[in-house]
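# Tertiary structure, described
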Amino acid sequence: MTPTGRAVLLLGILAYAASTLWGLVELRLVGVTCVGILLAALPWLLLPMHVDADLRLRPPRTTAGEAVEVALTATNRGSLPLWQPLVRVPVGDRTTWVRMPSLGRGARERATVTVDGLVRGVLPVGPATAVRADPLGLLHRPVRWGDARELFVRPVMVLVPSLGSGQARDLEGTPSDRVSMSDLAFHALREYVPGDDLRHVHWRSSARAGELLVRQYHDTRRNHATVVVDADPASYPTPEGFELAASVAASLLVCAAREEYDVSLACGSVQSTALPAPTVLDATCRIAPEPDAGPWAEQVLSALRLAPETSVLLLVTGGATDPEALARTTATLPADVRVVVLRAAPGEAAGLVRLHGHDTVTVGRLGELPGLMAAAS
């Protein structure tokens, strides 16, 4: 019952009660008329409606802030025509209305509506719901048409030309320009530095040189870039900070895929690896701060367990993350994995520093990311 219908019903009850109390026949007539109008509206709701409907999204994937076209195609399978049905189509937490053309028996019609200003996420679209109502709008009944769809709204992204100058692992296992301590393709000797594995010490050469020398190896493993987004809400003073982090992560994933890396994404309970790049990129639509995400170091170690073959580790966090916590986390990472820490801090000045052998990048605006990554070593 619509607000108008409830008002008519209340008027009828009050008029009939007043007629009984004061004996006024006119008020009784008003009450009976109100009830009669409501009863006359019932058949409009009871008429059968058999419609095959299909929702289509164009495009099925879009970017935050962009628009999408929702097309509803309906075929009347019932025995009665439908006069310009009004259809409600939810898009996320928003409701759009579509006025369909009249549908005769067996007729098929299509109507479209454009929804803009979308926010990042996986938005349910539909199911479409037709509203059956009487001519006076006293009663209405929703009738579901078809099934719901999912709309993937990805973060805003920028073109990052390269992940930086430190990458160069070959897909087919041929030697690259990057040296590593983890492979069997011998490359050269160098001086020992604290932290090197003593198993790689070349004792004969060390004895001749009078100092410890260790073997270096060409890295012949397959490229794999893992992006870890800090899911701790405390790392982001504002919601805009996390959205900037999501945009940074998506931009890096696209860059890595273009450079023919395998890609992985980890953010709290959202973990995606060993999947095509578009599927991993879709996962950026689902990431969100999680109060029980755990300490930053545990999140990073969990990502490395997810993708143990990682060669480039991109750690994306917020502006409120403790620098000491970042230092402790990066200090425990494997020496042959290139690590870049990216702080998504809206409003802060862009910056690039090298701490504990790893680049730490501060991104105040998304447009600064390409230049910062180009400067990273």
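Residues numbered from 1 in each chain as written. Predicted model: local features only at pLDDT ≥ 70, side-chain atom pairs only at ≥ 80, totals over all residues. Heavy atoms only, no water.

## Observations regarding the overall build of the protein chain
A tally of regular secondary structure across the protein chain gives eight helices and 20 strands. Taking 377 residues into account, the globule formula puts the C-alpha radius of gyration at 21 Å, and the protein chain, at 32 Å, lies well above it. Overall size of the protein chain, expressed as C-alpha extent along the three principal axes, is 120 × 50 × 30 Å. Taken over 377 residues, the protein chain has a buried fraction of 45%. Residue pairs at least 24 apart in sequence account for 66% of intrachain contacts in the protein chain once pairs closer than 6 positions are excluded. (Helix = DSSP H or I, 4+ residues; strand = E, 2+ residues; numbered from the N terminus. Rg over C-alpha atoms; globule rule 2.2 N^0.38 Å. Buried < 20%, exposed > 50% of the residue type's maximum accessible area, 1.4 Å probe, protein only. Contact = heavy atoms within 4.5 Å.)

## Thoughts on the sheet that holds strand S16 (residues 270-272)
Taken in spatial order, the seven strands of this open sheet run S16-S15-S14-S17-S18-S20-S19, and their pairing is mixed. In this open sheet, the two edge strands, each paired with only one partner strand, are S16 and strand S19 (351-355). The average undirected angle you get between the axes of adjacent strands in this sheet is 15 degrees. In this sheet, strand S20 (residues 358-363) lies alongside S19 in antiparallel orientation, the contact comprising five bridges. Bridging across to S20, Leu 352 finds its partner in Val 361. Where helix H4 (residues 239-258) meets the sheet, its contacts fall on strand S14 (224-229), strand S15 (262-267), strand S17 (312-318), strand S18 (338-344) and S20, and the angle it forms with S14 comes to roughly 175 degrees. (Pairing = 2+ DSSP bridges. Axes fitted to C-alpha atoms, helices over the stretch in contact; angles between N-to-C directions.)

## Side note on the packing of aromatic side chains
Under the counting rule described, the total for this entry stands at one aromatic pair. Here the aromatic rings of Tyr 236 and Phe 242 are separated by 5.1 Å at their centres, their planes lie at 85 degrees, and the arrangement is edge-to-face. Take Tyr 236 and Phe 242: they sit in the same class, and that class is buried. Just above the ring of Phe 152 sits the side chain of Arg 61; from NZ or CZ to the centre is 4.9 Å. (Phe/Tyr/Trp six-rings, centres within 6.5 Å; stacked < 30°, edge-to-face > 60°. Lys NZ or Arg CZ within 6 Å of the ring centre and 35° of its normal.)

## Regarding the sheet that holds strand S3 (residues 68-76)
Pairing in this open sheet of three strands is antiparallel, and the strands run S1-S3-S6 from one edge to the other. Bordering the open sheet on either side are strand S1 (51-58) and strand S6 (108-115), each of which pairs with just one other strand. In this sheet, adjacent strand axes meet at a mean angle of 20 degrees when their direction is disregarded. When S3 meets S6, the two strands line up antiparallel, connected through eight bridges. Note on S6: the bridge partner recorded for Leu 72 is Ala 111.

## A few points about the pairing of S1
As a general feature of sheets, a regular strand has side chains that alternate between the two faces. The two faces of S1 differ: Val 51, Ala 53, Leu 55 and Leu 57 on one face are buried, but Asp 52, Asp 54, Arg 56 and Arg 58 on the other face are not. Relative to S3, S1 is paired through eight bridges, and the arrangement is antiparallel. Each bridged residue has a counterpart across the sheet, and for Ala 53 the counterpart in S3 is Ala 74.

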